[in-house]
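Residues per chain are reported as follows:
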Amino acid sequence: MSAAPAPGAAPVPPLSPARWLVAGVLALGLFLMGMESETVFATLTQAWQKLFDLAGLGRAAARLQQGTSGLVTTRSLPAMATYGLLYVGGCLLLLHVLLRDARRTRWAAQVYGGLLGLCVLLLLIGQLGGHVPVAYKLGRRIIDFTISPLPVMILLPVLWPGTRRVIG
């Protein structure tokens, strides 16, 4: 990632060894989370079920799950949401460690937020439109894209300090 700075861009010092170490640990954690997703989902599902049962909401959670289209997920909704938040949070933290700039991190967070908003919109269209399969399928594809390394692989070179002139 040591591309020549864009004309007019300030030179950026290289990443410190400590930042490389933190980035490596985060990347490894995300990799393992993806590789062991079944185990993570099983653990999250059990934890949420115990929490709902303790709160006396086990039946309500089951009814909510039954109303969810299989085109979106067959997993526990709270477990899926928790996994997604943990994974996206890890990706944003990794980007922040590598980019070293709160403004660039906010831009990355806005991209993730836009993807989440688009996904929610599509799932609402699918639900309110009488179970529109194409909206569910597209929403599911956006979920799959968001909870993958692809956004990091796209955002990192686009937002890398020193390769682009930052306006604003």
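What counts as what
- Residues numbered from 1 in each chain as written.
- Predicted model: local features only at pLDDT ≥ 70, side-chain atom pairs only at ≥ 80, totals over all residues.
- Heavy atoms only, no water.
- Core = buried A, V, L, I, M, F, W, Y, C linked by side-chain atoms within 4.5 Å.
- Buried < 20%, exposed > 50% of the residue type's maximum accessible area, 1.4 Å probe, protein only.
- Helix = DSSP H or I, 4+ residues; strand = E, 2+ residues; numbered from the N terminus.
- Contact = heavy atoms within 4.5 Å.
- Expected span 1.5 Å × (residues − 1).
- Arc of directions from axis to C-beta.
- Axes fitted to C-alpha atoms, helices over the stretch in contact; angles between N-to-C directions.
- Left-handed = near helix turned anticlockwise from the far one by under 90°.
- Nonpolar A, V, L, I, M, F, W, Y, C, P; charged D, E, K, R; others polar.
- Phe/Tyr/Trp six-rings, centres within 6.5 Å; stacked < 30°, edge-to-face > 60°.
- Lys NZ or Arg CZ within 6 Å of the ring centre and 35° of its normal.
- Patch = residues over 30% accessible without salt bridge, like charges linked within 9 Å, V, L, I, M, F, W, Y side chains within 5 Å.
- Areas by Shrake-Rupley, 256 points an atom, 1.4 Å probe, with all protein chains shown as cover.
- Salt bridge = Lys/Arg side-chain N within 4 Å of Asp/Glu carboxyl O.

**Let's talk about the nonpolar core**
Inference 1: Ranked by internal contacts, the top residues of the largest apolar core, which has 31 residues, are Leu94, Leu95, Leu98 and Tyr112.
Inference 2: At the level of secondary structure, the elements contributing two or more residues to this core comprise helix 1 (17-35), helix 2 (37-55), helix 4 (77-99), helix 5 (102-128), helix 6 (133-146) and helix 7 (150-159).
Inference 3: The leading source of residues in this core is helix 4, at twelve residues.
Inference 4: Not counting the four nearest positions on each side in its chain, leucine 95 is found in contact with Arg100, Ala108, Tyr112, Val152, Leu155 and Leu156.

**Thoughts on helix 6**
Inference 1: Here helix 6 spans 20 Å end to end across 14 residues, near enough to the 20 Å set by a 1.5 Å rise per residue.
Inference 2: Listed in full, the buried residues belonging to helix 6 are Ala135, Tyr136, Gly139, Arg140, Ile142, Ile143 and Thr146. Each buried residue of helix 6 lies within a common arc of 160° when the element is viewed along its axis, so the set occupies one face. Among the exposed residues of helix 6, those oriented more than 90 degrees off its buried face are Val134 and Arg141.
Inference 3: Check the buried side of helix 6 and you find it contacts helix 4, helix 5 and helix 7.

**Side note on the packing of helix 5 against helix 7**
Inference 1: Their axes nearest at 11 Å, the elements helix 5 and helix 7 cross at an angle of 145°. Of the two possible hands of crossing, helix 5 and helix 7 adopt the one that is right-handed. Across the interface between the two elements, Arg104, Trp107, Ala108, Val111 and Tyr112 from helix 5 touch Pro151, Val152, Leu155 and Leu159 from helix 7.
Inference 2: Taken together, the residues of the contact of helix 5 with helix 7 break down into eight nonpolar, no polar and one charged.

**A closer look at the packing of aromatic side chains**
Inference 1: Scanning the model with the defined rule gives three aromatic pairs in all.
Inference 2: Ring centres 6.1 Å apart and planes at 20° place the aromatic pair tyrosine 83 and tyrosine 87 in the stacked group. With tyrosine 83 and tyrosine 87 both in helix 4 and four residues apart, the pair spans about one turn of that helix. Taken individually, tyrosine 83 and tyrosine 87 each receive the classification buried, so the pair is uniform in this respect.
Inference 3: An aromatic cluster of three or more residues is present, and its members are Phe41, Tyr83 and Tyr87.
Inference 4: Over the ring of tryptophan 160 we find arginine 100, and its NZ or CZ is 5.7 Å from the ring centre.

**Re a nonpolar patch on the surface**
Inference 1: On the surface, Leu28, Phe31, Leu32 and Met35 cluster together into a nonpolar patch covering about 430 Å² of accessible area.
Inference 2: As for its placement among the helices and strands, phenylalanine 31 is situated in helix 1.

Nothing here speaks to function; it is all geometry.
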